[in-house]
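# Structural characterization, general
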Amino acid sequence: MPTNNMTRLDPNSQAASKGLSDLSIRNLFIIPTIAFLIIFNIFPLLYSLGYSFTDFRASTNAPAKFIGLQNYRELLNDPFIWKNFSITAKYVLISVTGQVVVGFGLAMLLNRAIPAKGLITTLLLLPMMLSMAVVGLFWKLLYDPNFGIINYFLGLGKFEWLADPDVALWAIAIVDIWMWSPFVMLLSLAGLSAVPKHLYEAAEIDRAGNIYTFFRITLPLVAPILMIAIIFRTMEAFKTFDLAYVLSSQPTTELIAIRLYKMAFQEWQTGMSSAFAYIVLIMVVAITNIYVKYLNKVKAR
Amino acid sequence: MAGVQTSAEKWTNRTAIAAVFVALIIMLTPIYWIAATAFKPRNLATTIPPTVVYEPTVAPFVKLFTKRSQLREQPTQEEYDNAPWWEQMVFDGGEKVVRNRKSGEVRSSGYGDRFKNSLIVSVISTILAVGMGTLTAYGFSRFKVAGEDDWLFFILSTRMLPPVVVAIPMFLMYRVVGLNDTHMGLIILYTAFNLSFAVWIMKGFIDEIPREYEEAALVDGYTRIQAFFKVVLPEALTGMAATAVFCFITAWNEYAFALIMTNRNAQTAPPYIPSQVGSGLPDWTVIAAGTFLFLIPVAIFTFLLRNHLLRGMSFGAIRK
């Protein structure tokens, strides 16, 4: 792509000397968006950065008292917070692994001539477009130990999916896998269809086995796009709130976002939760950075 | 799949197709079950074995939109006969519709209002996000911007923030300016959320429009603004429509902000529907009916959007 040869329109060009100058049009088009995002995303964060050094509680009228780094120190020494982090890590691991296995598997199956392929693909993609909170809630009925269809079809009797503290996290992850495997499938399909056919033909001539072909041709070529899917899903799973919140109130499913919500809006520890939010924020920004790097890498190809 | 297939390949293919159909059935069963439960009488919603064949009823929808109370005693024959057909359905389910004492009007549940709130907030925030996003995308696509990649990263990063993290300060600020539990408050939040997405994806669409079109228009004596509105915008319309649908779905499905920032006046459907489960034995037919209506727009949009899903989901990085 000879993008470098393309003349970028000069903001001060003579071609558009009538009306507004290109420079002012550029500013007019871009600055409102930047300003909007700064006012409604960055400014609030600065606002809560201030609160994170105080003992402020939004439920009382008591003025905020500056307490320095005490909130951060307390949080990082709190074993329960670390419990929330380890629950979240476990959840991310289960659900992202599940999505990659199911999603990539579906893509491998779909990557051939299949009757009504377009329709089937669209139908398979439907779950990821739905509301996690609303559809997730309905899984309560599907999981019900007494009359849920899951126990019925799997012949599990009265298996407690959501009431058993050891199982509940898995139950939530399964719903997440159901909803978001299609996302991995969608991206994998794009990756698979971009693998040049002649590579497979060459492998066939060389009498390479299926497993060899998969690991030496398919996987390496799909890897960059698959990586985007994995990072994106990791970030989203890390932030999970809706699904776990509507499905379970077990302490064993208390993900970081839920802990944060309770701290801020049920216990009204505003100062402490602001500090907590900052710890979470730094982690998300780190993952976002990796994600954008990969996006640009794939875009550049 | 070059020409001749060996019989082994044929079998692999057949097995794969069979597996795809099994997967399809598993993936769609929860959605089918929502639709099926929405048309069941209450006593058939929670049976073992599950009821698959039944006479469909719209009773769950009647109950969804009305306030009801448990019947203490059977209605008299006269009462029953005088009631309209939809009220008889509620009687049949062991409940009666609550009416205002004076006017005799049927009292409605909160669902209709929540649905309307969802529509207002989603539509307005979508229009704002796509409008502003298209302009900004054009700016980034056509002009030199110092530190362009950094700005684009900044724009995208605002979308990646966890909702609860943003909600804590927003809640406090909204309390000061009186935006808690208002449509405007939610619209601002959803616009900010979707704006970053709209910029990224619209930039991809506008990058694809050859700049020769505008240059020709400029030579013909159009101003830059005229060229944008008369040449670029018509070309970008498909992309804008796809972006709008994505933004609408995101706003329509959003839960965390709505849960925190609204409670009555401006509450949208996603926090309302789970709040109806409450304690005790929930009436799953009513929840299914509410969910079913809520899912219809998204299901339709998914089909309209099917060719743009990949692009939207990858923030415009991957195009077919």
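Residues numbered from 1 in each chain as written. Chains lettered and ligands numbered in written order. Predicted model: local features only at pLDDT ≥ 70, side-chain atom pairs only at ≥ 80, totals over all residues. Heavy atoms only, no water.

The subject of this paragraph is the packing of helix 5 (residues 132–143) of chain A against helix 14 (residues 284–304) of chain B. How two helices sit against one another is set out by the angle between their axes and by the gap between those axes. Two numbers describe how helix 5 of chain A lies on helix 14 of chain B: the axes approach to 10 Å, and their chain directions differ by 150°. Judged by the inter-axis angle, helix 5 of chain A sits roughly antiparallel to helix 14 of chain B. Between helix 5 of chain A and helix 14 of chain B lies a crossing whose hand is left-handed. Residues V134, V135, L137, F138, K140 and L141 of chain A of helix 5 of chain A form the contact with helix 14 of chain B, whose own contacting residues are W284, I287, A288, T291, F294 and L295 of chain B. For the contact of helix 5 of chain A with helix 14 of chain B, a count of residues per class yields ten nonpolar, one polar and one charged. (Axes fitted to C-alpha atoms, helices over the stretch in contact; angles between N-to-C directions. Helix = DSSP H or I, 4+ residues; strand = E, 2+ residues; numbered from the N terminus. Parallel < 35°, antiparallel > 145°, perpendicular 65-115°, else oblique. Left-handed = near helix turned anticlockwise from the far one by under 90°. Contact = heavy atoms within 4.5 Å. Nonpolar A, V, L, I, M, F, W, Y, C, P; charged D, E, K, R; others polar.)

Attention now goes to the UniProt feature "transmembrane region" (unreviewed entry) in chain A. Residue and element names in this part refer to chain A. Those residues carrying the UniProt feature "transmembrane region" (unreviewed entry) are residues 28–47, 91–110, 122–142, 167–192, 213–232 and 275–292 in this numbering. In residues 91–110, the share of helix is 100% and the share of strand is 0%. The end C-alpha atoms are 28 Å apart. Between the end C-alpha atoms of residues 167–192 there is a gap of 35 Å, over a span that is 96% helix and 0% strand. (UniProt positions renumbered as here; feature names shortened; annotations may be inferred.)

As enumerated under the stated definition, the model contains 49 aromatic pairs over all chains in all. With 6.0 Å between their ring centres and 75° between their planes, W180 of chain A and F183 of chain A make a pair best called edge-to-face. On the criterion of helical spacing, the pair formed by W180 of chain A and F183 of chain A is a turn pair, its members being three residues apart in helix 7 (residues 168–193). Both residues of the pair, W180 of chain A and F183 of chain A, belong to the buried class. Three or more aromatic residues joined by ring pairs make a cluster, and in this case those are F65, Y111, F115, F248, W252, Y272, F294 and F301 of chain B. One residue, R14 of chain B, lies across the ring of W11 of chain B, its end atom 5.2 Å from the ring centre. (Phe/Tyr/Trp six-rings, centres within 6.5 Å; stacked < 30°, edge-to-face > 60°. Buried < 20%, exposed > 50% of the residue type's maximum accessible area, 1.4 Å probe, protein only. Lys NZ or Arg CZ within 6 Å of the ring centre and 35° of its normal.)

Moving on to the domain arrangement of chain B. All names here are of chain B. Split by domain assignment, chain B resolves into domain 1 (7–38), domain 2 (43–97) and domain 3 (111–313). Here the C-alpha centroids of domain 1 and domain 2 sit 35 Å apart. At the junction of the two partners, domain 1 supplies five residues and domain 2 supplies eight residues. Carbon and sulfur atoms make up 58% of the surface buried where domain 1 meets domain 2, a total of about 430 Å² over both sides. There are zero salt bridges connecting domain 1 and domain 2. (Domains from an automatic or database assignment. Buried area = accessible area lost by both parts, 1.4 Å probe. Salt bridge = Lys/Arg side-chain N within 4 Å of Asp/Glu carboxyl O.)

A word on the UniProt feature "transmembrane region" (unreviewed entry) in chain B. All names here are of chain B. The sites that UniProt annotates as "transmembrane region" (unreviewed entry) are residues 16–35, 119–140, 152–174, 186–206, 227–252 and 284–305. Secondary structure content for residues 16–35 is 100% helix and 0% strand, and the end C-alpha separation is 29 Å. Taken as a whole, residues 284–305 contains 95% helix and 0% strand, while its terminal C-alpha atoms sit 31 Å from one another.

With that settled, consider the confidence of the model for chain A. Looking at chain A, pLDDT values average 89 and 93% of them are 70 or higher. Scored below 50 in pLDDT, residues 1–8 of chain A makes eight contacts in the model with residues more than four places away or belonging to other chains. (pLDDT = per-residue confidence, 0-100.)

Here we take up the side chain of S122 of chain B. Inspection of the secondary structure puts S122 of chain B in helix 6 (residues 111–142). Leaving out residues up to four positions away in the same chain, S122 of chain B has contacts with F248, A251 and W252 of chain B.

Each partner contributes residues to the interface: chain B has 106 residues there, and chain A has 99 residues. Counting the surface lost from both chain B and chain A, the interface buries some 9,500 Å², and carbon and sulfur atoms represent 82% of this. By the criterion of area lost to chain A, the three top residues of chain B are M27, M160 and M313 of chain B, representing 7% of everything that side buries. Counting the contacts that link chain B with chain A gives one salt bridge. Among the ionic pairs, R224 of chain B bridges to D22 of chain A, the shortest N-O distance being 2.8 Å. For the pair chain B and chain A, the number of links is ten residue pairs in polar contact (both at pLDDT 80 or more). Ranked by residue count, the leading element in the side of chain B that touches chain A is helix 1 (residues 7–38) of chain B, at 18 residues. (Polar contact = N/O pair within 3.5 Å; in protein donor to acceptor, adjacent residues only side chain to side chain.)

Where helix 4 (residues 117–129) of chain A meets helix 14 of chain B, the closest approach of the two axes is 10 Å, and the angle between their N-to-C directions is 135°. Here helix 14 of chain B runs oblique to helix 4 of chain A, going by the angle between their axes. The two elements helix 4 of chain A and helix 14 of chain B meet at a crossing, and its hand is right-handed. On helix 14 of chain B, the residues touching L119, T122, L123, L126 and M129 of chain A of helix 4 of chain A are V298, A299, T302 and F303 of chain B. Residues of the contact of helix 4 of chain A with helix 14 of chain B, tallied by class, amount to seven nonpolar, two polar and no charged.

Here helix 1 of chain B spans 46 Å end to end across 32 residues, near enough to the 46 Å set by a 1.5 Å rise per residue. Along its length, helix 1 of chain B shows its largest kink, about 45°, at T29 of chain B, and proline P30 of chain B lies within four residues downstream of that point. (Expected span 1.5 Å × (residues − 1). Bend = angle between axes of the 7 residues up to and from the residue.)

The next thing to look at is the pattern of salt bridges. Residues and elements named next belong to chain B. Summed over all chains, the structure comprises 17 salt bridges over all chains. Residue D283 pairs with R42 through a salt bridge whose shortest N-O separation is 3.7 Å. Separated by 241 residues along the polypeptide, D283 in the loop between helix 13 (269–275) and helix 14 and R42 in helix 2 (residues 42–45) bring together distant segments of the chain. Judged by its relative accessible area of 13%, D283 is buried. Its relative accessible area of 33% is what places R42 among the partly exposed residues.

The next point concerns a positive patch on the surface. Residues and elements named next belong to chain B. Taken together, the side chains of K67, R101, R107 and R264 define a basic patch exposed on the protein surface. Looking at the element boundaries, R264 is found in the loop between helix 12 (256–261) and helix 13. For R264, a relative accessible area of 61% translates into the label exposed. (Patch = residues over 30% accessible without salt bridge, like charges linked within 9 Å, V, L, I, M, F, W, Y side chains within 5 Å. Areas by Shrake-Rupley, 256 points an atom, 1.4 Å probe, with all protein chains shown as cover. Lys, Arg positive; Asp, Glu negative; His and termini not counted. Charge placed at Lys NZ, Arg CZ, Asp CG, Glu CD.)

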